Amino acid sequence: MAGIIKKTGDSAKSADGTQTSIVDGRQHLLLLPAWLIIGVLLVIPVLLMLTYSFLVQDFRGGVIWEFSLEAYDQFFFDRGLFGDEPPSIEWTYIGIFWRSFVQALFAMIFCFLIGFPTAYFIATRPQKSRAFWLFLVTIPYWVNLLIRTVSMKFLIRDNGPINTWLLSGGIIDEPIGMINTSFAIQLGLFYSYLPFMVLPIYASIERYNFALSEAAADLYSSRWMTLFKIVIPSVRPGIIAGCILVFIPSLGAFLAPDLLGGAKNFMIGSLVEEQFKGQAGDWPFGAAVSMILLSIIMVILLFYARAQIRQNDGGH
Amino acid sequence: MVNASERIRWYPGFREIALLCLVILYAPLIIVMIYSFNDSPSITVWKGFSFVWYEEVFTGPEAERFKQATVNSLLIAVCAAITSTAIATASALAMIRGRRFRGQAITFGLINLPLMVPEIVTAVATLIFFASIGFDRGILSILLAHIVFCIPFAYLPIAARLQGIANVYEQVARDLYATPGQTFRLILFPMMLPGILSGFLLAFIISLDDFIITNFVKGAGVETLPTAIFGAVKQGIKPNIMAISTLMLVASFLLVTVAYFISRMGDQSK
Amino acid sequence: MRKFATLMGAAAMTMSFAQAASAEKLTIYHWFEYIPQELLNEFTAETGIEVVMDTYDSNEALLANLKATGMGSYDIAFPSDYMINIMRDEGMLDTFKSSELNNFDNIQEQWLNVSFDMGRQSSVPYQWGSTSFMVDREAYSGDIRTSDIIFNPPEELKGKINVLDTAGETLAFASLYMGIPQCSNDRSQLKKLSAMLEGAKENWASFNSDGAKDVLASGDVAAGMIWNGFGAKARAERASLEYSYPKEGYLVWADSAVLLKDAPNRDAALKFMDFLLEPEVAAAITNYARYTAGVKGVEEFLDKELVTSPENNPPADAPAGTFVEVCAPETQALYDAIWTQLKK
């Protein structure tokens, strides 16, 4: 504490004199709570998790403090049921990651296909109805995710309203089996994160200068050519932000596979959950899976950040 | 001219897709709402309108459990929202009104870190942390975990608001010999208030909403509303769950409406 | 800022106050839908001790969660036979003297000297029953006295089967079906078991334990593994369901209330165990959960239809039920691997 006070005292002395700010000399003090809370309760825990991923599993939960690469070995290599066969690549977990990846990707694409036209449509409404539309799209975002997932489960189950109506309408003879399929998971992810796609794209389109579209039209650009060559590139930051906001939570989703997918096929989220709250109780392995997921996401975000920096540089 | 530019902005099918989007977003919720008034223990057969499941929520055998869970949820959400809003306000002041400093980018990343780390990873890390230091799991452990991920949600609207306020107001106040404390209390704080309020509401709703992290860090016998609902739903969707869902829907709706008008108020006062 | 600090201080006080509101509290960790809330309320009314209950859906989840939460948070849990052995080996159980329980003599003879707790030093019997499966007779009218229904289903049931999401029981049930030992180290046997399950999984709709009753009763699936009492409750909601005692064998289990190590309120825990040993209470649990009590003198309080219920009365030609066995840790690791492989 003393160190911080001394430091802030120093910085007040070195004020450049052109402008004083009310936070002069208190800057670090004001940031201290955020540093402390996030540092102690998120950064340290993640580092601890990294450590745990290199320890030995205790039977059904907990760890033995001995260094081991067992968790990562289990993830990447298959040594047979008895662990004595020559190692080959273990496709089980890579497959789970791949499946989660593909489902997150499709969720992202579907969200974009519905979300972009919606965002565009809202952004081109007159000021007054625009606010109302935005309000309508925002509300589901604030409804508890669990409740939204449960609602979807209720809607698509074999004896749920959709099948009941279709059956009583004579359109189908057998209920359509939607629940407990990867289609259901896909639908659940799409439904859960759709608002995440609409809002950032909307924010971008709202700032888009429609004079550009008009200029393009004057130069005989077709409507769709204008959309793909002018509008979409201009609002790209919003689209990328929306895609990331859908993709990342979809990748680690737990509720959709558990409630809609019948817990039959693991996705990353349920695989991790199983190690801690479920039956497997393999903490180092759960920590390793989490670390791998976190690394992948950090790489994606890094690319995103670099692309943004490059775009900003190019813009000047 | 207006017509021409209107026509250029228009794309065939976009209106229909936007309407479809609303239908997709609302259909499941509205259907659950309707069925929560179903006068039948079987959830799929419609037997007429009744409040019987709402009665069940408040007086049934599980009423006490859900009541306790609601109290816990609200208590945690209020405390987490107050704390994270205060932290976020302090951080926003330092980040936006302070001079550039070394590590500013890292600090910005740190504040937003809870948004970037997937929930399940945060949940695992926090569980391991609490388990390894032997921290007693209970309401307090849930609250601490919630404060962390509420900070960025509170920070974003507050920072956005602060960025929109020109700093001449503070300059004038300081020139008139107001202390920094007075300047903040009498000038800046009232101007920031709409941002602070919407940050608070965001944090509040996010905390109420959380299931995954809470499920990992909750202690023996402590439930929040989402974990209690999840436990019940695992055994099948019963009509009383639909009634609870509808009540939560209405609550979220009211909260968002309040937040919406607060932000409108803020925009007009600018 | 000072105002804020005061506010937080007040909030923290409210919170610690809320946690310590009632002087006497008992925290139990119980299977889901196994005890009526009314009984817990009755216990509170009798003793002034508030009962807080968390629930789990498999013996393995109970163990994993106790390890994650740490000892000293729960007073009582309700593991099945084999899990009691595992928990004792893990040092998770406390012991008591029979004299500490007023109703100790109410324990039925057959459940007093059991292999998993000789002389009942850490546990008192709760309910016992069997694990098998149910079939919706409207969907399938053929022979159901075979585990083929689950592992090699007829055409009508394919894709309409729910399996219990419990590693221990489901793998043991599959071993019975294949006629192999439950704790096999034999390479070819284990590979066959794994391959059989992988193939059978193609025909399964879901893994669900807490929802096992609901998926059957609502008609989401036409066949599903289930515990007998839970199955009786499913039949009450859908009369066309029939519980099977397959010829390949089925599982039996005996759940007990165990006193956990470092129980925060050991006295209250013992009082609660005494409460559970009262015939009227045990019967009320049986009437609710539809299993069979391990307490003397319950008969006069039982629902009449339980005496003849098909779920509780195996047909004369049914084989005897088998208990889940505890495997050595190295062997258990193999079964865990099969389970993970199955659920990938």
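Residues numbered from 1 in each chain as written. Chains lettered and ligands numbered in written order. Predicted model: local features only at pLDDT ≥ 70, side-chain atom pairs only at ≥ 80, totals over all residues. Heavy atoms only, no water.

Undergrad: Help me out: how do you make sense of the overall build of chain C in this one?
TA: Secondary structure assignment for chain C yields 13 helices and ten strands. Each principal axis of the C-alpha atoms in chain C carries an extent, and together these give about 70 × 55 × 40 Å. The buried share of chain C, taken over its 344 residues, is 60%. Long-range pairs, those at least 24 residues apart, make up 76% of the contacts in chain C with a sequence separation of at least 6. Total accessible area on chain C stands at roughly 13300 Å², and carbon and sulfur atoms take up 51% of it. Side-chain charges in chain C split into 28 positive and 50 negative, and the spacing between the mean points of these groups amounts to 5 Å. (Helix = DSSP H or I, 4+ residues; strand = E, 2+ residues; numbered from the N terminus. Buried < 20%, exposed > 50% of the residue type's maximum accessible area, 1.4 Å probe, protein only. Contact = heavy atoms within 4.5 Å. Areas by Shrake-Rupley, 256 points an atom, 1.4 Å probe, with all protein chains shown as cover. Lys, Arg positive; Asp, Glu negative; His and termini not counted. Charge placed at Lys NZ, Arg CZ, Asp CG, Glu CD.)

Undergrad: Can you help me understand the state of the cysteines in this one?
TA: What we call a disulfide is simply a covalent bond connecting the sulfur atoms of a pair of cysteines. The final tally for this structure, using the stated rule, is one disulfide over all chains. Two residues share a disulfide in this structure: C:C183 and C:C327, whose sulfurs sit 2.0 Å from each other. Across the disulfide from C:C183 to C:C327, rotation about the S-S bond amounts to roughly -80°, and the bridge is consequently left-handed. Linking C:C183 in the loop between helix 6 (167–178) and helix 7 (187–201) with C:C327 in the loop between helix 12 (304–308) and helix 13 (329–343), this pair joins segments that are 144 residues apart in sequence. For C:C183, a relative accessible area of 22% gives the class partly exposed. As a non-bridged cysteine, A:C111 has B:C21 as the owner of its nearest cysteine sulfur, 8.9 Å distant. Relative accessible area serves as the criterion here: at 0%, A:C111 is assigned to the buried category. We note that B:C79 lacks a disulfide partner, and the nearest cysteine sulfur, in B:C150, lies 11 Å from it. (Disulfide = S-S within 2.5 Å.)

Undergrad: Explain the interface of chain C and chain B here, please?
TA: Tallying the contact residues gives 23 residues for chain C and 24 residues for chain B. Between chain C and chain B, the buried area comes to about 1900 Å², and carbon and sulfur atoms account for 62% of it. At the junction of chain C with chain B, the criterion picks out zero salt bridges. Counting every contact that joins chain C to chain B gives five residue pairs in polar contact (both at pLDDT 80 or more). Elements with a contribution of two residues or more to the side of chain C that touches chain B: helix 1 (2–19), helix 2 (37–47), strand 2 (50–56) and helix 3 (59–69) of chain C. Top contributing element to the side of chain C that touches chain B by residue count: helix 1 of chain C, with six residues. (Buried area = accessible area lost by both parts, 1.4 Å probe. Salt bridge = Lys/Arg side-chain N within 4 Å of Asp/Glu carboxyl O. Polar contact = N/O pair within 3.5 Å; in protein donor to acceptor, adjacent residues only side chain to side chain.)

Undergrad: How should a negative patch on the surface be read in this particular structure?
TA: Where like charges cluster on the molecular surface, the negative patch consists of C:E42, C:E46, C:E280, C:E299 and C:E300. Position of C:E46 relative to the elements: it lies in helix 2. (Patch = residues over 30% accessible without salt bridge, like charges linked within 9 Å, V, L, I, M, F, W, Y side chains within 5 Å.)

Undergrad: Where do I start with the pattern of salt bridges in this structure?
TA: Once the charged atoms of two side chains with opposite charge are near each other, the side chains can pair. Scanning the model with the defined rule gives 26 salt bridges over all chains in all. Its salt-bridge partner being B:E223, residue B:K218 comes within 3.8 Å of it at the nearest N-O pair. Each member of the pair, B:K218 as well as B:E223, carries the same accessibility label: buried. For C:E90, the salt bridge identified is with C:K67, shortest N-O distance 2.8 Å. Note that C:E90 is positioned in the loop between helix 4 (81–89) and strand 4 (123–136) and C:K67 in helix 3, a separation of 23 residues in sequence. Residue classification places C:K67 among the buried residues on the basis of a relative accessible area of 19%. Bridged by salt links that share partners, the residues C:E33, C:K213, C:K233 and C:E237 form one connected network.

Undergrad: Just checking my understanding: could you explain the nonpolar core for this structure?
TA: Considering soluble globular proteins, one finds that nonpolar side chains tend to be buried as a cluster. Core analysis: the biggest nonpolar cluster contains 191 residues, and A:F116, A:I205 and B:I229 have the highest contact counts within it. If we ignore the near neighbours within four places in the chain, the residues touching A:F116 are A:C111, A:I201, A:I205, A:L227, A:V231, A:I232, A:V235, A:I239 and B:F14. C:F32, C:I150, C:M196 and C:L259 belong to the second-largest nonpolar core, a separate cluster that totals 118 residues. (Core = buried A, V, L, I, M, F, W, Y, C linked by side-chain atoms within 4.5 Å.)

Undergrad: Could you clarify how one ought to interpret the pairing of strand 7 (residues 223–227) of chain C in this entry?
TA: On a regular strand, one side chain projects to one face of the sheet and the next to the other, so that they alternate. All names here are of chain C. With respect to burial, strand 7 is a largely interior element, five of its five residues being buried. With burial as the criterion, each face of strand 7 is covered, one bearing A223, M225 and W227 and the other bearing G224 and I226. Taken together, the five bridges between strand 4 and strand 7 define a ladder with antiparallel strand orientation. Residue pairing for strand 7: F133 is matched across the bridge by M225. Two elements, strand 5 (residues 161–163) and strand 7, share two bridges in a ladder whose sense is parallel. When the bridges of strand 7 are listed, I161 appears paired with A223. (Pairing = 2+ DSSP bridges.)

Distances and angles like these do not, on their own, reveal function.
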